[in-house]
Amino acid sequence: MSEIECPKEFRCKQQDFEDLCEARDFGLDGYIKCREDTPLDCAFALSFGHDYFCRCPLRVFLAKKLKK
């Protein structure tokens, strides 16, 4: 976390990782699929066609390694 600049001030950690954004691992390293209603409100959202992907290193780690 010390190497990540978080515009949301690590709100996920402050809430003990209980209130995470909705996302799903789809197999691509470094990205997860964002399933939020307003993904463009997030600095880590990346638009691709009709989908949005999350590239937050902490959120990606939580989804891929801890299955959260």
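Described below are features of the structure shown in this document.

Analysis parameters
- Think of each chain on its own: its residues are numbered from 1, step by step along the sequence as written.
- Owing to the predicted nature of the model, reporting of local features is limited to residues with pLDDT of at least 70; listing and counting of side-chain atom pairs is limited to 80 or more, with chain, interface and lining totals taken over all residues.
- Neither water nor hydrogens contribute to the side-chain values; these are computed over all heavy atoms in the structure.
- The secondary structure listing takes helices from DSSP runs of H or I that are at least 4 residues long and strands from runs of E that are at least 2 residues long, numbered from the N terminus.
- The atom set for the radius of gyration is the C-alpha atoms, and the globule formula is 2.2 Å times the number of residues raised to the power 0.38.
- When accessible area is computed with a 1.4 Å probe and restricted to protein chains, residues below 20% of their type maximum are described as buried, those above 50% as exposed, and intermediate ones as partly exposed.
- The criterion used for residue contact is that any of the two residues' heavy atoms lie within 4.5 Å.
- Computed with a 1.4 Å probe, the accessible areas rest on the Shrake-Rupley method; for each residue, only the protein chains presented here act as cover.
- In short, DSSP must find at least two bridges between two strands for them to pair.
- Only the stretch in contact is used when fitting a helix axis, every axis being a line fitted to C-alpha atoms; angles between N-to-C directions are given from 0 to 180 degrees.

Summing up its helical and strand segments, the protein chain has two helices and four strands in all. Secondary structure elements in the protein chain, listed N-terminal to C-terminal, are α-β-β-β-β-α. Computed over the C-alpha atoms, the radius of gyration of the protein chain is 11 Å, within 12% of the 11 Å expected from 2.2 N^0.38 for a compact globule of 68 residues. Once the C-alpha set of the protein chain is aligned to its principal axes, its extents read approximately 30 × 25 × 20 Å. Burial status across the protein chain gives 25% buried among its 68 residues. Pairs at least 24 apart in sequence give 43% of the contacts found in the protein chain among residues at least 6 apart. A total of about 5200 Å² of accessible surface is found on the protein chain, and carbon and sulfur atoms cover 48% of it.

What follows concerns the sheet that holds strand β4 (residues 51-54). Sheet architecture is open: four strands sit in the order β1-β2-β4-β3, paired in antiparallel fashion. Single-partner strands in this sheet number two, and they are β1 (23-24) and β3 (45-48). Of the strands in this sheet, β1, β2 (32-34) and β4 touch helix α2 (residues 57-64), which is tilted by about 110 degrees from β2.

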